[in-house]
Amino acid sequence: MSDFPTKARVVIIGGGVVGASSLYHLAKKGWTDCVLLEKNELTAGSTWHAAGNVPTFSTSWSIMNMQRYSTELYARLGEEVDYPMNYHQSGSIRLAHTPERMQEFERARSMGRYQGIKMEIWTPEQAKERYPFLETHDLEGVLYDPSDGDIAPAQLTQALAKGARDMGARIIRFCPATGVTQQADKTWVVHTENGDIACDYVVNAAGYYAQRVGEWFKPFGGRTVPMMVMSHQYLLSEEVPEVEAWSKANGGQKLPLLRDVDVSYYLRQEKHGFNLGPYEPNCRAHWDTDVDPMPEDFSFQLWNDDLDRIEDIVTDAMERVPLMATSGVARVINGPIPYAPDGLPLLGPMPGVDNAFEACVFTFGIAQGGGAGKCLAEWSIDGQTEWDMWAVDPRRYTDYTDHDYCVQKGKEVYGNEYAMHFPHHEWPAARDKKLSPVHAEVQQQGGVMGAYNGWERANWFAKEGDDTSEAATHTWDRSGPWQQRIREDARPCVTMLACLICRGSRGSA
Ligand SMILES: Cc1cc2nc3c(=O)[nH]c(=O)nc-3n(C[C@H](O)[C@H](O)[C@H](O)COP(=O)(O)OP(=O)(O)OC[C@H]3O[C@@H](n4cnc5c(N)ncnc54)[C@H](O)[C@@H]3O)c2cc1C
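Everything quoted here is computed from the prediction, not taken from an experiment. (Residues numbered from 1 in each chain as written. Predicted model: local features only at pLDDT ≥ 70, side-chain atom pairs only at ≥ 80, totals over all residues.)

S.K.: How should the overall build of the protein chain be read in this particular structure?
M.R.: Broken down by element type, the protein chain carries twelve helices and 21 strands. Its C-alpha atoms give the protein chain a radius of gyration of 25 Å, near enough to 23 Å, the size a compact globule of 509 residues would have. With respect to the three principal axes, the spread of C-alpha positions in the protein chain is 80 × 65 × 55 Å. (Helix = DSSP H or I, 4+ residues; strand = E, 2+ residues; numbered from the N terminus. Rg over C-alpha atoms; globule rule 2.2 N^0.38 Å.)

Here it is in structure tokens:
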């Protein structure tokens, strides 16, 4: 390759939506001398087959910021870079079956308000007006998000790539990175089959291959990237005449994206049919054992359908929107999604390694890609981000995240993708990673344990008869058995502290 670059400010490894967005935002902030390497064609990883849903909803401030920014960017990007895209902001409705779910919606709505997102709480009747094919008899209420919608993931990636190229950044396709070497001055050389590129910073944006790429950084202080890979399926239905008629009668509008979070699926209008995507509790990990190793290359590939796993959820969805039962399944997509142990991406400085970043392991990379690129550019150029991004910072994990831990937690998160995260609830998978020397004694004293950075620590000390079940913590309420016990434990400390303050103030008088 005669014009192969030998120098760049930043080299990004991976040309999915996140890598492309990172390149676009670096160039937009003035660093146009950057290079993206893609081993196949752009989008070859998880991006090409994604459903393309772009929610803003999240109960994490960092994630909501990224997703909100993405919706704002995607709405103007096509025009900005002169690359028209299919982006529909159809709005979404999230269904609540319980009062607890309504409380979660209220919280998200309040958070959204502070970010300028105008979510609304609707009655089931209001939802039925906007979504006439919906069964509402058993619903508590609905959260409506006007900014939610869907985008064509490949078009989005190409638009970001075009924008970056137009500003002078380089994208080299069919060029796998094969390794990295850190120089004495902490700059890098990225090796490829076509030659070496010297650069100041490297970004691991290799999607579900991020752990493999991450291994190259180990001699320079890196660690094993904490992640695993889940299989996720969605079904595309045949065209439904009633949906087409409704759309035509409503000026070409789409039905709002529907999420029945208590049952665990999304249901979106795709052309004049449906796209149904379940997050099933009896889920399937891939490439998690020696007998199922990750292949060298999985570009543009899928797994075979596995409909038995999602049958119950599909049946439920057909009862919720009976019109679905009138059409056949046209296609099933079953593809890989990478998961970190908490289901959030790894975005920020690479732990232990100078001048290297991670922008990988995205489970909702289409929705978060826009915001992720902005943050990555800020990390690289400014050394800090505009928003608090600790929730996704790769440094939140330390040495306890072994393979078994990642697989167990990934499956737990996937199977509970839409679950409520109650403040006193401790997720049960992959516990007891780090035990203190007094662990058994603490438990004997009634310690009800929680996991903190792998360490088991007592959240409170129960007495005989206290309800210490997991179910008891499925509440937003502050008052559980822990409240009284913590008060009892804290009171002597407060009294002692008050005495000390009293003595101190007398002494100084
Ligand atoms: C069925 C399904 C539906 C989904 N639906 C949605 C959705 O509706 N909304 C949503 O937000 N998300 C969705 N997702 C998730 C989404 O697809 C991913 O989060 C997103 O595509 C991740 O993008 P990425 O750029 O991080 O990774 P990828 O798209 O996987 O890109 C990584 C790239 O790195 C390249 N690469 C790897 N190793 C090297 C190397 N050594 N050198 C050079 N290049 C390399 C790969 O070829 C690949 O192109 C879905 C996923 C699945 C499976």
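S.K.: Is there a simple way to think about the domain arrangement of the protein chain in this case?
M.R.: For interface size, the figure often reported is the accessible area lost on association. Examined at the domain level, the protein chain breaks down into domain 1 (7-394) and domain 2 (422-509). A separation of 37 Å is found between the C-alpha centroids of domain 1 and domain 2. (Domains from an automatic or database assignment.)

S.K.: Which parts of the structure should I look at to understand the site of the ligand?
M.R.: The environment of the ligand is made up of 42 residues, and the closest members are Gly14, Gly16, Gly45, Gly207 and Gly365. Elements with a minimum of two residues in the shell around the ligand: α1 (17-28), β12 (228-237), β17 (329-339) and α9 (365-382). Looking at the shell around the ligand, the element that brings in the most residues is β17, giving four residues. (Near = placed C-beta within 6 Å.)

S.K.: Sorry if this is basic, but what is going on with the packing of helix α2 (residues 61-81) against α9 here?
M.R.: When two helices pack together, their arrangement is given by the angle between the helix axes and by the axis-to-axis distance. At a minimum axis separation of 7 Å, α2 and α9 run at an interaxial angle of 100°. In terms of their interaxial angle, α2 and α9 are classed as roughly perpendicular. From α2, Ile63, Asn65, Met66, Gln67, Tyr69, Ser70, Leu73 and Tyr74 reach across to α9, where they touch Ala367, Gln368, Gly369, Gly370, Gly371, Ala372, Lys374 and Cys375. (Axes fitted to C-alpha atoms, helices over the stretch in contact; angles between N-to-C directions. Parallel < 35°, antiparallel > 145°, perpendicular 65-115°, else oblique. Contact = placed C-beta atoms within 7 Å.)

S.K.: Please explain the nonpolar core as it appears in this structure.
M.R.: Most often, soluble globular proteins have nonpolar side chains that are buried together. Membership of the largest hydrophobic core comes to 121 residues, with the highest contact counts inside it found for Val10, Val11, Ile13, Leu23, Cys34, Val202 and Val203. Tallying contributions element by element places α2 first for this core, with eight residues. Among residues more than four places away in sequence, those in contact with cysteine 34 are Ala8, Arg9, Val10, Ile12, Leu23, Leu26, Ala27 and Ala169. (Core = buried A, V, L, I, M, F, W, Y, C linked by C-beta atoms within 7 Å. Buried ≥ 20, exposed ≤ 12 C-beta atoms within 10 Å, placed from the backbone.)

S.K.: Honestly, the pairing of strand β1 (residues 7-13) in this entry has me stumped. Any pointers?
M.R.: Taken across its seven residues, β1 has five buried, putting it largely inside the fold. Bridging between β1 and strand β11 (residues 195-204) involves six bridges; their strand directions are parallel. Bridging from a neighbouring strand, isoleucine 12 pairs with valine 203 of β11. Sheet topology note: the β1/strand β2 (residues 34-37) ladder contains four bridges and is parallel. Bridge pairing links valine 11 to valine 35 in β2. (Pairing = 2+ DSSP bridges.)

S.K.: Is there a simple way to think about the packing of α1 against α9 in this case?
M.R.: Running from N to C, α1 and α9 point in directions that differ by 40°, and their axes come no closer than 7 Å. Put simply, α1 runs oblique to α9. Where α1 crosses over α9, the handedness of that crossing is right-handed. Note on element contacts: α9 touches α1 through Gly365, Ile366, Gly369, Gly370, Ala372, Gly373, Lys374, Leu376, Ala377 and Ser380, opposite Val17, Val18, Ser21, Ser22, Tyr24, His25 and Leu26. Residues of the contact of α1 with α9, tallied by class, amount to eight nonpolar, eight polar and one charged. (Left-handed = near helix turned anticlockwise from the far one by under 90°. Nonpolar A, V, L, I, M, F, W, Y, C, P; charged D, E, K, R; others polar.)

S.K.: How should α1 be read in this particular structure?
M.R.: An α-helix turns once per 3.6 residues; consequently, residues spaced three or four apart project the same way. With twelve residues, α1 extends 16 Å between its outermost C-alpha atoms, agreeing within 8% with the 16 Å of an ideal straight helix rising 1.5 Å per residue. For α1, the secondary structure elements touched by its buried residues are β1, β2, α5 (153-166), β11, β19 (356-360) and α9. Residue glycine 30 follows α1 closely and has a positive phi angle near 110°. (Expected span 1.5 Å × (residues − 1).)

S.K.: Please clarify how the pairing of β12 should be interpreted in this entry.
M.R.: Every other side chain in a regular strand lies on the same face of the sheet, so the side chains alternate between the two faces. Burial of β12 is extensive: nine of the ten residues sit out of reach of the surface. Direction of pairing for β12 relative to strand β16 (residues 285-286): antiparallel, over a ladder of two bridges. Paired with valine 229 across the strands is histidine 286, a residue of β16. One ladder, built from two bridges, connects β12 with strand β15 (residues 273-278); its direction is antiparallel. Paired with leucine 236 across the two strands is asparagine 275, which belongs to β15.

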